[in-house]
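Single-letter residue listing:
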Amino acid sequence: MKTITVSTEIYRSRYKGWFRQLCFLNGTWNVVSTWIVLGLFIALALVADILPLQNPTAVNASEMLQPPSSSHWFGTDPWGMDVFSRTICAIRVDFLLAVSSVILGILAGVPLGAIAGFFGGFLDDLLTRFAEVIQSFPQMLFGMAVLALLGNNIINLIFICAFYNIPTYARLVRSVVSPLREADFVQAAKVSGNTSLMIVFRHLIPNALVPVFSQFPLSCAWAIQIIAGLSFIGLGIRAPTPEWGSMINLGANYIVFGKWWPSVFPGLAIVISVWMLSNLGNQLKSIFFAER
Amino acid sequence: MANLNIQDLELNINNGQETYYVLRGVTFTVPPGAKLGLVGESGCGKSMTATSIMRLLPKNAIIDKGQIMLDQIDLIKLSEKEMRQIRGKRITLIFQDAASALNPLCSAVQHVADVYARHNSVSKKKSLPRAYELLAKTGIPKHLANNYPHELSGGMCQRVMIAMALACSPEILIADEPTTGLDVTIQIQVIELIERMVEEIGSSLIFISHDIGLVSEVCDRIAVMYAGKIVESGNKEQIISEPMHPYTKALLLSFRSQSGKRMPFIPGRVPDLRTRQEGCSFAPRCSMAESQCWHSEPKLREISPGHEVACFRTG
């Protein structure tokens, strides 16, 4: 007699709810490591003030370019500032700038995309073409031009990043809203006597927020690269303020002399944070696609 | 209570290359408190008639001719803003597929409260008790009222739709195949619920279905549609016991077929909506057609009080 064995593999995890699903879709190790590293970064940024760090902006000419030691864990940079405390304090600056610029971009881009997707026609064409024009222009070049034109300060830096996020989110939301335009529940909302704008804001935008959330960490990762990139070439944030891009710039000239520590540590911080944010974005995306 | 009168409604849909003549002169009246059943095959324009009344037509649909009179107002001529005052408040629609007609991100009670708040100009919070009450009336207890559409069954979703539709005691309720996708026992419950609610608020009902048996249970008047036109209309008894139009006869015959025998069917299919043929549109499928039927179009005419037929060969 033939026996048929049916193996039903049950996914076991000690986590619950959505986090469990995240682990199921991406592998527990991947998810947990990403969340621990990002959590550590954010926790460090929050408590940087009360940690017993050395003053990140104190210039000390007698301790220039010291190699990593027990008193300066990551060594010191050409101005004698402690690289470890600067790297930690820069988390706050970089993350804050990146997150705030992305949120600004979302606030402007999501309604624009939803309106374009819902009303369609000429408005839709206009906004889509406009978004394509913005996206086709090199961002660094645009950032340099605007900073040179409008003045080199943090506000302008945030607005440049935000401006580049508008088309990303507008197109993302448009692609979700556009097929929903003829959906039954939109018709039903019309039957209830809702105006078009009410339908867009109350019924359509909430339905488009899942892809927006999964795009959010990816945009933050991108924004960190842009902010660090602009700061590296001397725009955006200037030297005494701790920022990874400008820190790399400070140490860049000394790498050839074997003094690698002022540049490599902030560089590693950028790599890790961008990597982990992208990981997070991809994980959230997997939930979004699993729902489909 | 309002009187709805549709006169010679013609609707085209143009998809960019071809024009589909969807409605070709629909005429009917729904007196206050009446229950009218619209019957017909798929694609004969039943749902398009409903969407025209609600003015929810797709952008490429054009109303060519005709008028939809709600008392003294022509709905076709109203602006979108004026129409919003009528939708949900005076005329309302129950959708075919209730589960997809509810926003997946709003709970049942939010849907009902939304409609109520919109038309009674009260805050959403204040309309919540009324919404719970309405849901309880349609058979959704309070502990289920906060559930989201995906947590409710198809029948439950339809009950939410009915509660939404009745939130403002509309004068005319259009039910567009409200029981498709529900199983038979739930169908009966939903239909009974609609009947009970309609009686309670005293509104008139337009019941759209392809099931002539179901329609004859619910409605007191029946209008049979074929290829975008009303071919026969009359009281329930007139249509069921003495059908005049060959299409109605064939429809009833296929409905009443006894089990065991081969089911009678109507040969041929619904005419191509892209062409406007001369003569009676049923002629190609009609066993009684003669030369007159192929050349001139029959108009609706009264053959006995309240019974109208568009056919040369009867009456």
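Residues numbered from 1 in each chain as written. Chains lettered and ligands numbered in written order. Predicted model: local features only at pLDDT ≥ 70, side-chain atom pairs only at ≥ 80, totals over all residues. Heavy atoms only, no water.

1. Topic: the overall build of chain A
Of the regular secondary structure elements, chain A holds 11 helices and zero strands. Counted from the first residue to the last, chain A has its helices and strands arranged as α-α-α-α-α-α-α-α-α-α-α. Sorting the 292 residues of chain A into buried and exposed places 47% on the buried side. For chain A, contacts bridging at least 24 residues in sequence account for 71% of all contacts bridging at least 6. A total accessible area of about 14900 Å² is found for chain A, and carbon and sulfur atoms account for 69% of it. (Helix = DSSP H or I, 4+ residues; strand = E, 2+ residues; numbered from the N terminus. Buried < 20%, exposed > 50% of the residue type's maximum accessible area, 1.4 Å probe, protein only. Contact = heavy atoms within 4.5 Å. Areas by Shrake-Rupley, 256 points an atom, 1.4 Å probe, with all protein chains shown as cover.)

2. A closer look at the layout of surface pockets
A volume near 530 Å³ is recorded for the largest pocket. Around the largest pocket, the lining comprises 25 residues; the ones closest to its centre are B:Asp8, B:Gly25, B:Thr27, B:Lys229 and B:Leu300. Listing elements by their share of the lining of the largest pocket, those giving two or more residues are strand E1 (4-14), strand E2 (19-30), strand E9 (221-226) and strand E10 (229-235) of chain B. No other element matches E2(B), which puts five residues into the lining of the largest pocket. Taken together, the residues that form the lining of the largest pocket break down as seven nonpolar, eight polar and 10 charged. The computed volume of the second largest pocket comes to approximately 450 Å³. Lining the second largest pocket are 16 residues, with A:Lys190, B:Leu56, B:Leu57, B:Pro58 and B:Lys59 positioned closest to its centre. Of all elements in the fold, only helix H3 (83-119) and helix H7 (184-191) of chain A reach the threshold of two or more residues within the lining of the second largest pocket. For the lining of the second largest pocket, a count of residues per class yields seven nonpolar, two polar and seven charged. (1 Å grid on protein atoms, 1.4 Å probe; cavity = no way out; pocket = protein on both sides within 12 Å on 5 of 7 lines; lining within 4 Å. Points joined across faces, edges and corners; volume = space filled by probe spheres on them. Nonpolar A, V, L, I, M, F, W, Y, C, P; charged D, E, K, R; others polar.)

3. As for the pairing of strand E7 (residues 172-176) of chain B
Residue and element names in this part refer to chain B. The buried count for E7 comes to five of five residues, which makes it a mostly enclosed element. What you see with E7 is no split at all: Ile172, Ile174 and Asp176 on one side and Leu173 and Ala175 on the other are buried throughout. The sheet contact formed by strand E6 (residues 91-94) and E7 spans four bridges and is parallel. In the strand pairing of E7, threonine 92 is matched with leucine 173. With helix H7 (residues 184-201) bridging E7 and its parallel neighbour strand E8 (residues 204-209), the resulting β-α-β unit is right-handed. (Pairing = 2+ DSSP bridges. Right-handed = clockwise from strand over helix to strand, strands pointing away.)

4. As for the packing of aromatic side chains
According to the stated counting rule, one finds 16 aromatic pairs over all chains in the structure shown. Taking 6.5 Å as the distance between ring centres and 90° as the angle between the ring planes, the aromatic pair formed by A:Phe95 and A:Trp244 counts as edge-to-face. With a gap of 149 residues between them, A:Phe95 in helix H3 and A:Trp244 in helix H10 (residues 244-252) connect regions that are remote in the sequence. An identical accessibility class is assigned to A:Phe95 and A:Trp244; each is buried. When the centroid spacing of 5.1 Å and the interplanar angle of 80° are considered together, the rings of A:Phe118 and A:Phe119 count as edge-to-face. In this structure an aromatic cluster arises from ring pairing among A:Trp73, A:Phe74, A:Phe84, A:Trp260, A:Trp261 and A:Phe265. Over the ring of B:Tyr132 we find B:Lys142; its NZ or CZ atom is 4.7 Å from the centre of that ring. (Phe/Tyr/Trp six-rings, centres within 6.5 Å; stacked < 30°, edge-to-face > 60°. Lys NZ or Arg CZ within 6 Å of the ring centre and 35° of its normal.)

5. Observations regarding the packing of helix H6 (residues 154-166) of chain B against H7(B)
All names here are of chain B. Interaxial distance between H6 and H7 falls to 10 Å at its minimum, and their mutual angle equals 10°. Taken together, H6 and H7 sit at an angle that is classed as roughly parallel. Contact with H6, carried on its side by Gly155, Gln158, Arg159, Ile162 and Leu166, involves Ile186, Gln189, Val190, Leu193, Ile194, Met197 and Ile201 of H7 and no other residues of that element. Residue composition of the contact of H6 with H7, by class: eight nonpolar, three polar and one charged. (Axes fitted to C-alpha atoms, helices over the stretch in contact; angles between N-to-C directions. Parallel < 35°, antiparallel > 145°, perpendicular 65-115°, else oblique.)

6. Things to note about the pattern of salt bridges
Per the counting criterion, the structure on display carries 22 salt bridges over all chains. Ionic pairing is found between B:Lys77 and B:Asp74, a salt bridge with its closest N-O pair at 3.1 Å. Classification of B:Lys77 as exposed rests on a relative accessible area of 67%. A residue is classified by how much of its surface remains accessible, and B:Asp74, at 10% relative accessible area, is buried. It is possible to trace a salt-bridge network through shared partners that takes in A:Arg202, B:Asp114 and B:Arg118. (Salt bridge = Lys/Arg side-chain N within 4 Å of Asp/Glu carboxyl O.)

7. Some words on the state of the cysteines
Residue and element names in this part refer to chain B. In this structure the tally under the stated criterion is zero disulfides over all chains. A disulfide-free cysteine, cysteine 157 has its sulfur positioned 13 Å from the sulfur of cysteine 106, the nearest such atom. Judged by its relative accessible area of 1%, cysteine 157 falls in the buried class. (Disulfide = S-S within 2.5 Å.)

8. Considering the nonpolar core
B:Ile174 and B:Ile206 are the most contacted members of the largest nonpolar core, which totals 100 residues. Tallying contributions element by element places H6(B) first for this core, with eight residues. In contact with B:Ile206, other than residues within four places in its own chain, are B:Leu4, B:Phe28, B:Val30, B:Leu36, B:Leu38, B:Ile53, B:Ile172, B:Leu173, B:Ile174 and B:Ala175. Within the second largest apolar cluster, 56 residues are counted, among which are A:Ala183, A:Phe185, A:Ile199 and A:Phe265. (Core = buried A, V, L, I, M, F, W, Y, C linked by side-chain atoms within 4.5 Å.)

9. Notes on the confidence of the model for chain B
Mean pLDDT for chain B: 87, with 98% of residues reaching 70 or above. Mean pLDDT values over the elements of chain B span from 83, in helix H10 (residues 246-256) of chain B, up to 92, in E8(B). (pLDDT = per-residue confidence, 0-100.)

10. A closer look at the interface of chain B and chain A
Between chain B and chain A, the contact holds 22 residues from the first and 18 residues from the second. Between chain B and chain A, a total of about 1800 Å² is buried, with carbon and sulfur atoms accounting for 53% of that surface. In this structure, the connection of chain B to chain A is made through one salt bridge. Between B:Asp114 and A:Arg202 there is a salt bridge, with the nearest N and O atoms lying 3.1 Å from each other. Elements that contribute at least two residues to the side of chain B that touches chain A include exactly E6 and helix H3 (108-120) of chain B. Looking at which element gives the most residues to the side of chain B that touches chain A, the answer is H3(B), with four residues. The residue inventory of the side of chain B that touches chain A, partitioned by class, reads 10 nonpolar, five polar and seven charged. (Buried area = accessible area lost by both parts, 1.4 Å probe.)

11. Quick word on the sheet that holds E10(B)
Residues and elements named next belong to chain B. Pairing is mixed in the open sheet, where eight strands are placed in the order E6-E7-E8-E3-E9-E10-E12-E11. Across the chains shown, the open sheet's two edge strands, defined by having one partner strand only, are E6 and strand E11 (301-304). Ignoring strand direction, the axes of neighbouring strands in this sheet form an average angle of 25°. Relative to E8, E7 runs parallel, the two being bridged by five bridges. For isoleucine 172, the partnering residue across the bridge sits in E8 and is serine 204. Relative to the sheet, helix H1 (residues 46-54) contacts strand E3 (35-39), E6, E7, E8 and E9, its axis offset from that of E6 by approximately 145°. Against the sheet, H7 contacts E3, E6, E7 and E8, and its axis sits at roughly 160° relative to E8.

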